[in-house]
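# Coordinates in review
Below are the chains, spelled out letter by letter.
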Amino acid sequence: MALETQTKTVVGQFDYSDEDVNKGVVEFLRQMAEGLEKDGASMSQIPTYVTAVPNGTEKGLYMAVDLGGTNFRVCSIQLNGDTTFRLTYTKVAIPRELMVAKTAEELFAFLAKQVEIFLRTHHGEHFEAHIRRRMTMSSPEGFKDENVFRLGFTFSFPVQQLGINKGTLIRWTKGFDIPDAVGKDVCALLQTEIDKLHLPVKVAALVNDTVGTLMARSYSSPGKSGAILGAIFGTGTNGAYVEKLSNIKKPLAGEYDNSTGEMVINTEWGSFDNQLKVLPNTPWDVQLDLATPNPGIQMYEKRVSGMYLGEILRLTVIDLLKNPDVALFKDDNSSYNDWKSTTNIAEHSPIYKQWGLDTSVLSVAAADSTPELSILRQELEANLHIYAPSLEDAQAFKAIAGAIGRRAARLSAVAIAAIVLQTGKLNDPEQDEPIDIGVDGSLVEHYPYFRDMIYEALRAIKGIGEEGAKRIRIGIAKDGSGVGAALIALVAARMEKSTSTADFISDLRLNAKKTDLTAVPEDSELAAGE
Ligand code: BGC
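This one's a predicted model, so the numbers in the text were calculated from it and none came from an experiment. Throughout, a residue's number is its position along its own chain's written sequence, starting from 1. Reporting in this predicted model follows two pLDDT cut-offs: at least 70 for local features of residues, and 80 or more for side-chain atom pairs to be given and counted; totals over whole chains, interfaces and linings ignore these cut-offs and use all residues. For the side-chain quantities, the full set of heavy atoms in the structure was used; hydrogens and water were omitted.

### Brief notes about the overall build of the protein
Helical segments are the DSSP runs of H or I of at least four residues, strand segments are the runs of E of at least two, and each set is numbered from the N terminus. Looking only at helices and strands, the protein features 18 helices and 16 strands. Contacts between residues were defined by any pair of non-hydrogen atoms, one from each residue, lying within 4.5 Å. Counting contacts in the protein only where the partners sit at least 6 residues apart, residues at least 24 apart contribute 72% of the total. Computed with the Shrake-Rupley method and a 1.4 Å probe, the accessible areas treat only the protein chains shown as cover for residues. Summing over all exposed atoms, the protein offers an accessible surface of approximately 21200 Å²; the carbon and sulfur share of this is 52%.

### Brief notes about the confidence of the model for the protein
The predicted coordinates should not be examined in detail at positions where pLDDT is low. Confidence of the prediction at every residue is given by pLDDT, a number between 0 and 100. When pLDDT is averaged along the protein, the result is 85, and 83% of the positions lie at 70 or above. Across residues 52-56 the pLDDT falls below 50, and counting only partners more than four positions away or on other chains, this stretch makes 25 contacts in the model. This model gives residues 511-530 a pLDDT under 50, and the stretch forms 46 contacts once residues within four places in sequence are excluded.

### Quick look at the sheet that holds strand S1 (residues 46-47)
Each pair of strands is called paired provided DSSP finds at least two bridges between the two strands. Strand order in the open sheet made by the 6 strands is S1-S11-S10-S9-S14-S15, with mixed pairing throughout. Among the strands making up the open sheet, the edge pair consists of S1 and strand S15 (472-476). Examined bridge by bridge, strand S14 (residues 435-440) and S15 share 5 bridges and lie parallel to one another. Bridging across to S15, Asp436 finds its partner in Arg473. Strand contacts of helix H13 (residues 391-423): strand S9 (229-233), strand S10 (237-244), S14 and S15, with the helix running at about 5° to S10, the strand carrying the most contacts. Axes here refer to lines fitted to C-alpha atoms; in helices the fit is confined to the stretch in contact. Angles between the N-to-C directions go from 0 to 180 degrees. Against the sheet, helix H15 (residues 450-459) engages S9 and S15, with an angle of about 160° to S15.

### Quick look at the nonpolar core
Take the buried Ala, Val, Leu, Ile, Met, Phe, Trp, Tyr and Cys residues and link them wherever side-chain atoms come within 4.5 Å; each set so joined is a nonpolar core. The cut-offs for exposure are 20% and 50% of the maximum accessible area for each residue type, with area from a 1.4 Å probe on protein chains only; residues under the lower value are buried, those over the upper are exposed, and the others partly exposed. Of all hydrophobic cores here, the largest spans 90 residues; its most connected members are Phe233, Trp269, Phe397 and Leu458. At 19 residues, H13 tops the list of elements feeding residues into this core. Setting aside its immediate chain neighbours within four residues, Leu458 contacts Ala413, Ile416, Ala417, Ile464, Gly465, Ala469, Ile472 and Ile474. Membership of the second largest hydrophobic core comes to 40 residues, among which are Leu119, Phe155, Val159 and Leu206.

### Focus: the site of the ligand
Note on terminology: near, applied to a residue and a molecule or strand, indicates that one of the residue's heavy atoms is within 4 Å of it. Near the ligand you find 15 residues, and of these Thr173, Asn208, Asp209, Glu268 and Glu301 are the closest. Ser156 places a main-chain nitrogen or oxygen 3.4 Å from an oxygen atom of the ligand. Whenever two N or O atoms come within 3.5 Å, that pair is a polar contact, provided that in protein one can donate a hydrogen and the other can accept it, and provided that, for residues adjacent in sequence, both atoms are side-chain atoms. Take Glu268: an N or O atom from its side chain is 2.6 Å from an oxygen atom of the ligand. Coverage of the ligand by the protein amounts to 98% of the 310 Å² it exposes when considered alone. Of all the secondary-structure elements, those providing two or more residues to the shell around the ligand are helix H7 (209-220) and S10. Under the scheme applied, nonpolar residues are Ala, Val, Leu, Ile, Met, Phe, Trp, Tyr, Cys and Pro; charged residues are Asp, Glu, Lys and Arg; polar residues are all the others, including Gly. Along the lines of polarity and charge, the residues of the shell around the ligand split into 3 nonpolar, 8 polar and 4 charged.

### Some details on the packing of aromatic side chains
Where two aromatic rings form a pair, the distance of their centres and the angle of their planes describe that pair. Pairing of aromatic side chains requires ring centres within 6.5 Å, counting the rings of Phe and Tyr and the six-membered ring of Trp. Pairs whose planes differ by under 30 degrees are stacked, by over 60 edge-to-face, and all others tilted. Taken as a whole and assessed by the stated rule, the structure comprises 16 aromatic pairs. Summarising the aromatic geometry, the rings of Phe28 and Tyr300 are spaced 6.2 Å apart at their centres and angled 65° between planes, so their arrangement reads as edge-to-face. Of this pair, Phe28 sits in helix H2 (residues 18-37) while Tyr300 is found in the loop between helix H8 (283-290) and helix H9 (301-304), placing the two residues 272 residues apart along the sequence. For Phe28, a relative accessible area of 0% gives the class buried. Among the residues examined, Tyr300 registers a relative accessible area of 0% and is labelled buried. Put simply, the rings of Phe28, Phe233, Trp269, Phe272, Tyr300, Tyr447 and Phe450 touch in pairs and so form one group of aromatic residues. Comment: the charge-over-ring label is applied if NZ (Lys) or CZ (Arg) is within 6 Å of the ring centre and within 35 degrees of the ring normal. Positioned above the aromatic ring of Phe157 is the side chain of Lys174, whose terminal nitrogen or guanidinium carbon lies 4.6 Å from the ring centre.

Listed below in structure tokens is the structure:
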């Protein structure tokens, strides 16, 4: 009984009511405005200066790399000049020690090495030809610029963008902590390491994953107007949206084309409400934050994204385990254990280790609707080494995990709703199509009913309601970040020509009718548009 009561209390602490959601939206809008007014606000609201467009006639080979959090991906796009292309894609896990390396050089040297391996594996001929040319310095075509790959760099951390291929790191997130890199131009860091390996690669564009997602979604989503928001709910969380230039009050350092009156803004909403004015704050949120390399920062992200949800759950479970009156995973009171075996937790169980619980456990718990919760119980045994958990144990675990996931989804709705309201599209008589939002990331892709829970919260929001929620279309833009970066790299060379962001999006959408980039196979080749 104590377990059931205690579980209810814990679940209640993760409750995030309709009223809370509404308060959240009001504050989110306020902090968005603040970020548009001045630098140094909680939400950075970074202008992106994306202005050029592909027209489908480009020829050549373009590359994109994506440093997101867990993995580093490398891809290339062969443009055939007739709007068809060939896409090749690989990914590698980032070694944990490099996330906290002493110097930026260590991490970026690793990244450059992956680019080299990719080139040797997938573009051996081009690569060998480059090496041969290097050896024949006297040859007139020795270092011709067209022999160099243009690379779009998706760098999914807060960066002060100074130009299309220039931006300084503001701070690390998602467990990365290499102070040496902060304040430095990440494109230059990558280019230096690429040059050390003498690779024929030029870092041509710097893109946040949310911007890439917005671009990729805009071209692939049906309809005449593009997506208004690209959002990531994965290891980390963030969103990029299309803002009116007239709302950007802080000075814009770089050059930009103002003919559309719009610019894509990278919100860096992971740091929404670092002050905790409206964000929920349970004892486990406090504990989690203190144990991260960046306490007090990314407070919204720490309640929403995949990197943290497993850890929040782990901390609540540990607290319950410590409580002698609560029979969680203890056999004294698990007398009804229908598996008729003694519950025990192995000493080496990941439940005892910081970051030991992967967020995928929450997905398993949410997906298991068998009466005996047998799938979850098997998961507890196989991955957490918690043996013979009783049905009551599994029910408690599922209830708490569900409450954490639900709170994350409802918090996600706060950001989405605020951006929808900010764009004014719901009241725009010309907006006769769905308001399109592209999302990507493990959480939104794999956590059961995540989008449904977002919609449920959206319906409760003032200014959106049942009718508004129906007009919002949240669609997956799978691997949009890599594709978006490649597309921006593709046009970066034409940046001198001033073409507008709206043209960029509409041209992309035109091309999308001929190609399909929404699903990118890994480690394989795809001939698109054929
Ligand atoms: C970073 C963002 C990024 C997001 C999703 C956050 O931690 O600050 O730049 O877009 O993660 O990857």
